[in-house]
Amino acid sequence: AVEADPDFAGSYNNLALIALDREDWAAAGPLLNQAMERAPGDPMIHNNQGNLLLRLGRVPEAEAEYRKALALKSDYAEPHNGLGSIQGRRGNRLEEIAEYRKALQIEPRYLDARANLARTLLAGADYRGAIALCREGVSLRPESVLLWNLLGEASLRAGDGKGAREAFRNSISQRGQEIPL
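Keep in mind that this is a model prediction, so the values were computed, not measured. Numbering of residues starts from 1 in every chain and runs along the sequence as written. Note on the predicted model: pLDDT of at least 70 is required for a residue's local features to be given, and 80 or more for side-chain atom pairs to be given and counted; whole-chain, interface and lining totals, by contrast, use all residues. As a convention, hydrogens and water are excluded, and side-chain values are obtained from all of the structure's heavy atoms.

Colleague: For the pattern of salt bridges, give the residues involved together with the corresponding values.
Modeller: In what follows, salt bridge is the name for a side-chain nitrogen of Lys or Arg lying within 4 Å of a carboxyl oxygen of Asp or Glu. Applying the stated criterion across every chain yields a total of nine salt bridges. Taking the shortest distance from any N to any O, the salt bridge between E63 and R67 comes out at 3.0 Å. Linking E63 with R67, this pair stays in helix 4 (residues 59-72), spanning four residues, or about one helical turn. The buried label goes to any residue with under 20% of its type's maximum accessible area, the exposed label to any with over 50%, and the partly exposed label to all in between, with areas taken from a 1.4 Å probe on protein chains only. Classification of R67 as partly exposed rests on a relative accessible area of 40%. A salt bridge links R157 to E153, with the nearest nitrogen and oxygen atoms 2.8 Å apart. Placement of both R157 and E153 in helix 9 (residues 145-157) is noted, with a separation of four residues, approximately one turn of the helix. Owing to a relative accessible area of 41%, R157 belongs among the partly exposed residues under this scheme. One salt-bridge network, held together by shared partners, links E63, R67 and R90. A helix here means a DSSP run of H or I that spans at least four residues, while a strand means a run of E at least two residues long, and both kinds are numbered starting from the N terminus.

Colleague: Requested: an account of the packing of aromatic side chains, with residues and values cited.
Modeller: Aromatic pairs are defined between Phe, Tyr and Trp rings, using the six-membered ring for Trp, whenever the two ring centres lie within 6.5 Å; interplanar angles under 30 degrees are classed as stacked, those over 60 as edge-to-face, and all others as tilted. What the rule picks out here adds up to zero aromatic pairs. A ring is considered to have a charge above it if a Lys NZ or an Arg CZ atom is located within 6 Å of its centre and within 35 degrees of its normal. The positively charged end of K73 is found above the aromatic ring belonging to Y76, 5.3 Å away from the centroid.

Colleague: Account for the layout of surface pockets, naming residues and giving values.
Modeller: Put plainly, a pocket is an open set of points on a 1 Å grid over the protein atoms alone with protein on both sides within 12 Å along at least five of seven lines, a cavity is a set where a 1.4 Å probe fits but cannot get out, and a lining residue has an atom within 4 Å of a point. Grid points are joined across faces, edges and corners, and a volume is the space filled by probe spheres set on the points. Taken as a whole, the largest pocket spans an internal volume of roughly 530 Å³. Surrounding the largest pocket, 19 residues form its lining, N51, R55, N81, Y110 and D112 being those nearest its centre. For the lining of the largest pocket, the elements supplying multiple residues, two or more each, are helix 1 (9-21), helix 3 (43-55), helix 5 (77-89) and helix 7 (111-123). Charged residues are taken to be Asp, Glu, Lys and Arg, nonpolar residues to be Ala, Val, Leu, Ile, Met, Phe, Trp, Tyr, Cys and Pro, and polar residues to be all remaining types, Gly included. When the residues that make up the lining of the largest pocket are grouped by side-chain class, the tally is six nonpolar, seven polar and six charged.

Below is the structure:
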């Protein structure tokens, strides 16, 4: 698509997403720069630039990109997820939770934000909160191996062996594998 229309920012952005998914930071950076040159007002490009910068450990720059994305589109869930990750790195647990919750208010089916919030709640020993969050998540996304597994982990830590076993069995069955025990 880039060859067909070299000015189409979306093609550069999409190629950068592929590079990000492969963890090819060296390829993602120039592609995002090309996309940014062509569409500096595109919030998705700013968000993706934030994702790259965060993975590179350039936290202040990543935060600035996420905030630019939100300034351009206030109801955009993904930058809130990124900001939650930044707050977590800084040890600001309450702010981390608030950002993940903002992402989920905008997009309740957003798997990454839900999983990040569940992990944060688990780390803070809020097992009931993590269980409720994961139960809601599997009702929205019953195919999510990750959410079933997090529900099992939260249930196990809360002392609910039966609930943990059921959740882990659901996680395994979502993979299409035979369930042991």
